[in-house]
Amino acid sequence: MLLKDIRDYQILFLGLFLILGIGTRDWTLRPELIAVAIATCLTTQCILSLVQVRKQEVEDAPNLLSPIPSTLNLRSALITALGLSLLLRADHWTTMAFAAASAIASKFFLRVNQKHFFNPANFGIIVALVFTSDAWVSPGQWGEDWWYGLLFAGAGGMILQRVGRWDTTAAFLGAYSLLEAMRNLWLGWTWDVYLHRLMSGSLLLFALFMVTDPRSIPNARMGRVIWAVGIAIVTFLLRNYFFIPTAVFWALFMFAPLSILFDVICAAPRFDWLEAVRSKGVGV
Amino acid sequence: MRHFRFIIPLLSVFLSVLCFAPTALAFCGFYVAKADTKLYNKASQVVIARDGDRTVLTMANDYQGEVKDFAMVVPVPTVIQKEQVRVADPKVIERLDAFSAPRLVEYFDENPCVPYARRGDVFLAVPSAPVNEAQSARRDRSLGVTVEARFNVGEYDIVVLSAKESGGLETWLNRNGYKIPRGARQLLKPYIRSSMKFFVAKINLDKFEKSGYEFLRPLQISYQSPKFMLPIRLGMINATTEQDLIVYVLSPKGQAEITNYRTVKVPSNVNIPIFVKQEFGDFYKSTFETAYTKEGKRVAFLEYAWDMSNCDPCAAEPLTPDELKQAGVFWLDGNSPSDTSISPGFRRPFPTSNVFISRLHVRYTRDKFPEDLMFQDTSNRESFQGRYILQHPFTGEVKCQAGKEYRRSLPKRFEQEAQTLAKLTNWNIQDIRRKMQLSVGNLTISWWETFFSWLGM
């Protein structure tokens, strides 16, 4: 049973990063906030799923084909919780709870054609940054040790290969590193500056685990690639010309609703990798 | 002769002045000593007071040549006009340093037989001082260099330049009497390309002499820009060794951190042997060095993070509203009830809590810190201080049973302290043990007592 679902791997890796973070990097990671994030995500998921099931039952009473286990989708909620714990910092637990609750709620309320267009963790992060006064993201805290980079790349690559969304990561990282290379060349910095900018653990974490969520990104490959390149461009602009340290999250947030548009333009069967598995999305 | 010093790791401290560390009977032990920036020969100090995109940057100078040779070039995000520059009181930086320095505190064990006995202890720290100097100016045009502003402030002659290409800027600086270090040209280019301006300061010798100042005073500039960064690359041109940079970030929000390097807390809150009291400076230097090496020499250290309205224990009294304004805090007016009501019952009115200080200590070299430092202020209001604890054992005579147990527990505790110290500083544990014997010799624990306690009896 265990590790049968691809998302189990993802949960495993994200959990591993958290343990590494607490164990080897003396971060501001606080175990009680991680607990709050997990508890809130799971509870919100349960409540909203049950409400949804009820509603469904009322609407089409004879249709009893929605057994509770499949709609609960606790894995996805756990992934969101881990993602929030990894990326979001808060001074008070209520902020984390708020971020977690809105992250999960966004899956239920912000959807078009059975597809939620915001990455839940990303939505939670942005909402917390905007609506609370004590949330922040620490982009520097993952450091730039190659070992971590490798770990991210290895773990992420493994998941992506199975999920079949490596194209998004490749498009995002490719476009972003190209833009940074051009800027570096133009400015005349030495190349160690360039490498240092790209060797950010947070960037890799984002590229491998957040921008690849099949539930909230365009379905067609062409759509995904253009979409990811768009995010890379906006990230680049926000980071270098508006000096926003959390540029990637804003860029993804801005592009999330556009994935609907891309789906319309490049209509394609969604979830081709999931036909057999019949389960729901993977996402940080 | 080095005519030219690139900053920001600019200049640094020269300052001196005697400073008496105040005694503070605090909840966290008795404050004894602090490890301030005077420990380091070359430590630039920068104060950044920032709210939103408004910044007041104070740069203290550690320039050690002749004053007439002094010159500095700082890339700044915007054109700086005369009214945006002033000379700050060096004392303010010293106050910030004293307030936020890593500290040593001591506790005294009570008589295990008679509870409630207390004593205090006082210490004073005496700093020392280096000197500074500078030169005069001429001018030129063309070369793609525009003089955006030219003025003097206090003893400084200041020119603000913008340039179209680095060759022109280099030539301009050369023609105007600045000796540019080799390699500067390549390093100037990225700043020119990102349309930064150059803030160039020299000393006006006449004014300097007239003013009667012995040292170069810190320059303080105010500007508005979303860029929250410190250019360290230029300062590494002619540096052969590691450089220390202490950044005090004052923010109405909370802790500041670096976004493109890891920010790590210095080791803190540990019990160490009592003899360290005599060599706290060396102790902290070694501790920092060990932590720095352990982290791969590529992190910034957080040495202090605290709301500026209080401290516990206090290495120095909190800054007054006036001193905070001197340090560049511009958002105090209006929000601060501190000036108004001073109830006579209290010793002294503290400024209100909308100033949060973060003291970041960056030791950098060219290979580990390729990129300029980028900062952000977070909403993290968690307090942190580099704090090291001396726990004095009770030395009086004990007769009761509890007293004997207490005595027996001591050797284990001392050993623990020795190991902590060895781990923190990388000092030789045998030396530490030997020194500890000296400092606890008056405890007169008989050899069999020690032996029994080792056996756990």
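Below is a short write-up of the structure. (Residues numbered from 1 in each chain as written. Chains lettered and ligands numbered in written order. Predicted model: local features only at pLDDT ≥ 70, side-chain atom pairs only at ≥ 80, totals over all residues. Heavy atoms only, no water.)

### Section: the overall build of chain B
- Helix and strand content of chain B: nine helices and 22 strands.
- For chain B, long-range pairs separated by at least 24 residues make up 84% of all intrachain contacts whose partners lie at least 6 apart in sequence.
- Carbon and sulfur atoms make up 51% of the accessible area of chain B, which totals about 19,100 Å². (Helix = DSSP H or I, 4+ residues; strand = E, 2+ residues; numbered from the N terminus. Contact = heavy atoms within 4.5 Å. Areas by Shrake-Rupley, 256 points an atom, 1.4 Å probe, with all protein chains shown as cover.)

### Focus on the packing of aromatic side chains
- Under the counting rule described, the total for this entry stands at 25 aromatic pairs over all chains.
- Ring centres of A:W189 and B:Y191 lie 5.5 Å apart, and the angle between their planes is 85°; on these two criteria the pair is classed as edge-to-face. With A:W189 in the loop between α8 (166–187) and α9 (191–198) and B:Y191 in helix α3 (residues 184–193), the pair connects residues from two separate chains. Grouping residues by exposure puts A:W189 and B:Y191 together as buried. (Phe/Tyr/Trp six-rings, centres within 6.5 Å; stacked < 30°, edge-to-face > 60°. Buried < 20%, exposed > 50% of the residue type's maximum accessible area, 1.4 Å probe, protein only.)

### Some words on the side chain of B:H392
Residue and element names in this part refer to chain B.
- Among the structural elements, H392 can be located in strand β22 (residues 387–392).
- Classification of H392 by relative accessible area gives buried; the value is 14%.
- A polar contact is formed between the side chain of H392 and the side chain of E106, at a distance of 2.6 Å.
- The contacts of H392, once residues within four sequence positions are left out, are E106, Y107, F108, D109, I274 and R413. (Polar contact = N/O pair within 3.5 Å; in protein donor to acceptor, adjacent residues only side chain to side chain.)

### Describing the state of the cysteines
Residue and element names in this part refer to chain B.
- Scanning all chains against the criterion turns up two disulfides over all chains.
- At a sulfur-sulfur separation of 2.1 Å, the disulfide partner of C113 is C400. Taking the torsion about the S-S bond as the criterion, the C113 to C400 disulfide, at about -90°, is left-handed. Of this pair, C113 sits in the loop between β8 (103–108) and β9 (145–153) while C400 sits in the loop between β22 and α7 (401–425), placing them 287 residues apart in sequence. (Disulfide = S-S within 2.5 Å.)

### A short note on the packing of helix α4 (residues 74–87) of chain A against helix α6 (residues 120–131) of chain A
Residues and elements named next belong to chain A.
- Where α4 meets α6, the closest approach of the two axes is 8 Å, and the angle between their N-to-C directions is 45°. Judged by the inter-axis angle, α4 sits oblique to α6. In terms of crossing hand, the pair formed by α4 and α6 is right-handed. Two secondary-structure elements touch here, α4 through T80, L84 and L87 and α6 through P120, A121, G124 and I125.
- Taken together, the residues of the contact of α4 with α6 break down into five nonpolar, two polar and no charged. (Axes fitted to C-alpha atoms, helices over the stretch in contact; angles between N-to-C directions. Parallel < 35°, antiparallel > 145°, perpendicular 65-115°, else oblique. Left-handed = near helix turned anticlockwise from the far one by under 90°. Nonpolar A, V, L, I, M, F, W, Y, C, P; charged D, E, K, R; others polar.)

### Details of α4(A)
Residue and element names in this part refer to chain A.
- When the terminal C-alpha atoms of α4 are compared, their 20 Å separation across 14 residues agrees well with the 20 Å that a helix rising 1.5 Å per residue should span.
- Among the 14 residues that make up α4, 11 are buried, leaving the element largely enclosed by the rest of the structure.
- The complete set of buried residues in α4 reads S76, A77, I79, T80, A81, L82, G83, L84, S85, L86 and L87. (Expected span 1.5 Å × (residues − 1).)

### Things to note about the interface of chain B and chain A
- Contact residues are listed per partner, giving 31 residues for chain B and 29 residues for chain A.
- Considering only the surface of chain B that becomes buried against chain A, B:R193, B:R262 and B:E371 emerge as the three largest contributors, covering 24% of it.
- Applying the counting rule to chain B against chain A returns two salt bridges.
- With a shortest N-O distance of 2.6 Å, B:E371 and A:R197 are connected by a salt bridge.
- In this assembly, chain B and chain A are joined by 13 residue pairs in polar contact (both at pLDDT 80 or more).
- Elements that contribute at least two residues to the side of chain B that touches chain A include exactly α3, β15 (256–258) and β16 (262–265) of chain B.
- Per-element tally for the side of chain B that touches chain A: the top contributor is α3(B), with six residues. (Buried area = accessible area lost by both parts, 1.4 Å probe. Salt bridge = Lys/Arg side-chain N within 4 Å of Asp/Glu carboxyl O.)

### What about the packing of α8(A) against helix α11 (residues 221–241) of chain A?
All names here are of chain A.
- Interhelical geometry of α8 versus α11 gives an angle of 35° and a closest axis separation of 8 Å. For the pair α8 and α11, the crossing hand works out as right-handed.
- For the contact of α8 with α11, the residue count by class is 15 nonpolar, three polar and six charged.

### What about the nonpolar core?
- Of all hydrophobic cores here, the largest spans 82 residues; its most connected members are B:I158, B:F199, B:L219, B:I272, B:L373 and B:Y388.
- For this core, the leading source of residues is α7(B), giving seven residues.
- Once residues within four sequence positions are removed from consideration, B:I158 is found in contact with B:V85, B:A149, B:R150, B:F151, B:V153, B:F199, B:V200, B:A201 and B:L219.
- Formed by 72 residues, the second largest nonpolar core is a distinct cluster that contains A:L84, A:F172, A:M210 and A:F249. (Core = buried A, V, L, I, M, F, W, Y, C linked by side-chain atoms within 4.5 Å.)

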